[in-house]
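So the chains spell out like this:
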Amino acid sequence: MNDKFPLKEPKTLKTEMKKLISFEEKDDLLKSQRKATDPMDPNSDKNLNMMELLSKYATVRSCYFVKHAEESSSAKEIGVQKGGFFQVT
Amino acid sequence: MKDILEIKEISYGDFPEISGLNPRFRPGSQKVKMVLDIQVPEVSGNMDLYLILMKLMKLLPSLEKHQCGEHLMEDLKSGRKTEGESCSERVTDIAHLMEHVIIDLQSRVTGMDSCSGITCGYKNPYYRFDMFVECKDKKVGLFSAFYAVDLFEKLLRNKNLSRKYFAIIDLAKYLYRNKLLQMQMGFDPLVTRISSELGWKKSFVLSLLRELKEFGLFNFDHALVT
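Worth saying up front: this structure is predicted, and the values here are computed from it rather than measured. (Residues numbered from 1 in each chain as written. Chains lettered and ligands numbered in written order. Predicted model: local features only at pLDDT ≥ 70, side-chain atom pairs only at ≥ 80, totals over all residues.)

## Some remarks on the overall build of chain A
- Looking only at helices and strands, one finds four helices and two strands in chain A.
- Taken from N to C terminus, the helices and strands of chain A fall in the order α-β-α-α-β-α. (Helix = DSSP H or I, 4+ residues; strand = E, 2+ residues; numbered from the N terminus.)

Okay, here's the thing in structure tokens:
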């Protein structure tokens, strides 16, 4: 994908943020038009796209965060703390 | 002064073409995608990623509980990431750390039980990254990406974090969980309500709301009538 917002000169981060807030969302129509893909089929659109992507990248790093059960329940109980800050334990 | 970080593009969708790159991605999950350039000045010998991580841990303590394929945080804490790193490795670590911050913000603000992401470094230019992070809410996704960029711009210049950075997260969470992001509410009533409920000075609340507006947390069409 080509850069959508090529910047010819340094600009402030916040100026750019305002410009970038024209946020794109893939709409339902596009989703419905997307072909079903077979993960094992190297010719499927999805896998061709992934091959294309991987040829563009030098590194791919992945990570995730899972809350433990007790953290999830305590997070739900977080309320407003007057004069202070919320704190997730 | 030229920014170190430059957002080239930001978008939102399910991006099925990258779903296979992290088996933790939930099928069909929505994600924020940010294309970011990280151009660290050559005179940056004192850029200490360990110190940056310590500052981040104070802001987002749950970072410590993240799972990471590269053991980034353990390596930073143990000193296995040394100054001998190449520039390419260093910017990759910075991008990856930012992805962790965006993930943590999703969970912290929206209460997501799990959140996954990937950071893909380009072959050329080496300082460009595609980041994909699962989101429960589009606006929170956008906010998290912008906040992380603003935060790292500060951290990479060895600045300390002001109270503002802590309070912005708390306020974003408060607004999200009280369903105030979609409300058509004038600026003054919102400031009064937040000030009253959180016990913060109105001027402080006002400054935070302005920041949040710049971070894309509000729907510009109808929120925050200024």
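Still more ground to cover, so stick around.
## Comments concerning the pairing of strand 2 (residues 57-66) of chain A
- As judged from the nine bridges shared by strand 2 of chain A and strand 4 (residues 114-122) of chain B, these two strands associate in the antiparallel manner. By the bridge assignment for strand 4 of chain B, V60 of chain A is matched with C120 of chain B.
- Here strand 2 of chain A runs beside strand 3 (residues 67-68) of chain B; their pairing, made up of two bridges, is antiparallel. Looking at strand 3 of chain B, one finds that C63 of chain A is bridged to C68 of chain B. (Pairing = 2+ DSSP bridges.)

## Digging into the environment of K154 of chain B
Residues and elements named next belong to chain B.
- Mapped onto the elements of the fold, K154 is located in helix 4 (residues 138-155).
- Through-space distance from the C-alpha of K154 to that of D3 is 9.9 Å; in sequence the pair is 151 residues apart.
- Aside from chain neighbours lying at most four places away, what touches K154 is K159 and L161. (Contact = placed C-beta atoms within 7 Å.)

## Looking at the confidence of the model for chain B
Residue and element names in this part refer to chain B.
- Counting all residues, the mean pLDDT for chain B is 86, and 89% of those residues have values of 70 or more.
- When mean pLDDT is taken per element in chain B, strand 5 (residues 128-134) scores highest with 95 and helix 2 (residues 72-78) scores lowest with 80.
- Low pLDDT (under 50) marks residues 220-226, which in the prediction has 11 contacts with non-local residues, meaning those over four places away or in another chain.
- Across the whole predicted complex the pTM is 0.78, and at the interface the ipTM reaches 0.80. (pLDDT = per-residue confidence, 0-100.)

## Section: unusual backbone geometry
Residues and elements named next belong to chain B.
- Put simply, N124 and P125 share a cis peptide bond, and its omega is 0°.
- When you line up the elements, P125 lands in the loop between strand 4 and strand 5.
- A positive phi is found at F15, a non-glycine position, where the angle reads about 45°.
- Even without a glycine there, the phi angle at N158 is positive, about 60°.

## Quick notes on the pairing of strand 2 (residues 31-38) of chain B
All names here are of chain B.
- Among the eight residues of strand 2, six are classified as buried, and the element is accordingly described as predominantly covered.
- Bridge count for strand 1 (residues 5-13) against strand 2 is eight bridges, and the pairing is antiparallel. Residue I10 lies in a different strand from strand 2, and its bridge partner there is M34.
- The pairing of strand 2 with strand 5 spans seven bridges and is antiparallel. (Buried ≥ 20, exposed ≤ 12 C-beta atoms within 10 Å, placed from the backbone.)

## Thoughts on the packing of helix 5 (residues 163-177) of chain B against helix 7 (residues 202-214) of chain B
Residue and element names in this part refer to chain B.
- At a minimum axis separation of 10 Å, helix 5 and helix 7 run at an interaxial angle of 75°. Here helix 5 is positioned roughly perpendicular relative to helix 7, judged by the angle of their axes. Along the contact surface, helix 5 presents K164, A167, I168, L171 and A172, while helix 7 presents L208, E211 and L212.
- Its residues assigned to classes, the contact of helix 5 with helix 7 comprises six nonpolar, no polar and two charged. (Axes fitted to C-alpha atoms, helices over the stretch in contact; angles between N-to-C directions. Parallel < 35°, antiparallel > 145°, perpendicular 65-115°, else oblique. Nonpolar A, V, L, I, M, F, W, Y, C, P; charged D, E, K, R; others polar.)

## Overview of helix 1 (residues 49-59) of chain B
Residue and element names in this part refer to chain B.
- Within helix 1 the residues assigned to the buried category are I52, L53 and L56. Mapping the buried residues of helix 1 onto a view down its axis gives an arc of 100°, with all of them on the same face. Opposite the packed face of helix 1, turned more than 90 degrees from it, sit the exposed residues M54 and K58.
- Against helix 2, helix 3 (87-110) and helix 4 lie the buried residues of helix 1. (Arc of directions from axis to C-beta.)

## Observations concerning the environment of P23 of chain B
- By the secondary structure assignment, P23 of chain B is in the loop between strand 1 and strand 2.
- Judged by the 9 C-beta atoms lying within 10 Å of it, P23 of chain B falls in the exposed class.

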